[in-house]
Amino acid sequence: MDRTFLMVKPDGVQRALIGEIISRFENKGLKMVAGKFERIPEERVMRHYAEHAAKPFFPGLKAYIMSGPCFLMVWEGKNVVAVTRAMIGATNPAEAAPGTIRGDFGMEIGMNVIHGSDSPATAEREIAIHFAPEEIAAYDRIDEQYLYE
Ligand code: IDP
Ligand code: MG
């Protein structure tokens, strides 16, 4: 089954949105297979956001992600990367469609509540940065026969 890396960012944690966000993905039919609550060490923040390291917003992004604990997750489901990116919405919450997480819960691009991998290859890379294989627990959900044809 396809996997992705999702993370409630420090603003989402402080605004007590972890439960709401998990509920959205659970209700959709996706399956959480790993989760942990932590302040991400600098070295992993740098690896995670390596593609943005040279951009002008990077110092602010790094300070934001390290400003408090995050809730890091691995989720499984058919086409999970595209499905969760659609549910998360556009990068800038001011432009994200209503009904998406960023559209419903954010105001500005620098405080956009949640991260989601943008491709299957990115997902594999990001999962490996944040989780050891033994932290991921595969299992069957009892409703899978009514989620998948
Ligand atoms: P994404 O999270 O929707 O994939 P990316 O372009 O990969 O968006 O940017 C990564 C993160 O960097 C964003 O989620 C946001 O937190 C931050 N970011 C991106 N662009 C800006 C900006 O112009 N100003 C401030 N922060 C930004
Ligand atoms: Mg991205």
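Check the entry above for the structure.
Residues numbered from 1 in each chain as written. Chains lettered and ligands numbered in written order. Predicted model: local features only at pLDDT ≥ 70, side-chain atom pairs only at ≥ 80, totals over all residues. Heavy atoms only, no water.

For Thr-84, the position within the fold is in helix H5 (residues 80–88). Its relative accessible area of 0% is what places Thr-84 among the buried residues. Of note is the side chain of Thr-84, whose polar atom sits 3.2 Å from the backbone oxygen of Val-81. Ignoring any residue separated from it by four or fewer positions in sequence, one finds Thr-84 in contact with Thr-4, Leu-6, Phe-25 and Leu-30. (Helix = DSSP H or I, 4+ residues; strand = E, 2+ residues; numbered from the N terminus. Buried < 20%, exposed > 50% of the residue type's maximum accessible area, 1.4 Å probe, protein only. Polar contact = N/O pair within 3.5 Å; in protein donor to acceptor, adjacent residues only side chain to side chain. Contact = heavy atoms within 4.5 Å.)

By nearness alone, every residue bordering ligand 1 is listed as Lys-9, Tyr-49, His-52, Phe-57, Leu-61, Arg-85, Thr-91, Arg-102, Ile-109 and Asn-112. Within the side chain of His-52, an N or O atom sits 2.9 Å from an oxygen atom of ligand 1. Thr-91 places a side-chain nitrogen or oxygen 2.5 Å from an oxygen atom of ligand 1. Against a free-state accessible area of 530 Å², the protein chains account for coverage of 77% of ligand 1. In a pocket analysis with a 2 Å cut-off to the grid points, ligand 1 is assigned to the largest pocket. (Near = heavy atom within 4 Å. Areas by Shrake-Rupley, 256 points an atom, 1.4 Å probe, with all protein chains shown as cover. 1 Å grid on protein atoms, 1.4 Å probe; cavity = no way out; pocket = protein on both sides within 12 Å on 5 of 7 lines; lining within 4 Å. Sits in = over half its atoms within 2 Å of the grid points.)

Nonpolar side chains tend toward joint burial in soluble globular proteins. Judged by nonpolar contacts, the single largest core of 20 residues is most densely connected at Ile-21, Phe-25, Met-73, Trp-75, Ile-101, Val-113 and Ile-114. Elements that contribute at least two residues to this core include exactly strand S1 (3–8), helix H2 (18–28), strand S3 (70–76), H5 and helix H6 (101–105). Residues within four places of Phe-25 in sequence aside, it is in contact with Leu-6, Leu-30, Trp-75, Thr-84, Met-87, Ile-88, Ile-101 and Ile-114. In terms of nonpolar packing, the next biggest core, distinct from the first, is built from 17 residues, Val-33, Ile-40, Phe-58 and Ile-127 among them. (Core = buried A, V, L, I, M, F, W, Y, C linked by side-chain atoms within 4.5 Å.)

Bringing the pattern of salt bridges into the picture now. The tally for this structure, following the rule as stated, stands at 10 salt bridges. Among the ionic pairs, Glu-76 bridges to Arg-3, the shortest N-O distance being 2.9 Å. Of this pair, Glu-76 sits in strand S3 while Arg-3 sits in strand S1, and the two are 73 residues apart along the sequence. By relative accessible area, Glu-76 is classed as buried at 8%. Take Arg-3: its relative accessible area is 31%, and that puts it in the partly exposed class. Across the pair Glu-42 and Lys-62 runs a salt bridge, and its minimum N-O distance is 2.5 Å. On the criterion of sequence distance, the pair formed by Glu-42 in helix H3 (residues 42–48) and Lys-62 in helix H4 (residues 58–65) is long-range, its members being 20 residues apart. What emerges from the salt-bridge pattern is a single network uniting Arg-3, Lys-31, Glu-76 and Glu-144. (Salt bridge = Lys/Arg side-chain N within 4 Å of Asp/Glu carboxyl O.)

Bear in mind that shape data such as this cannot, by itself, settle questions of function.
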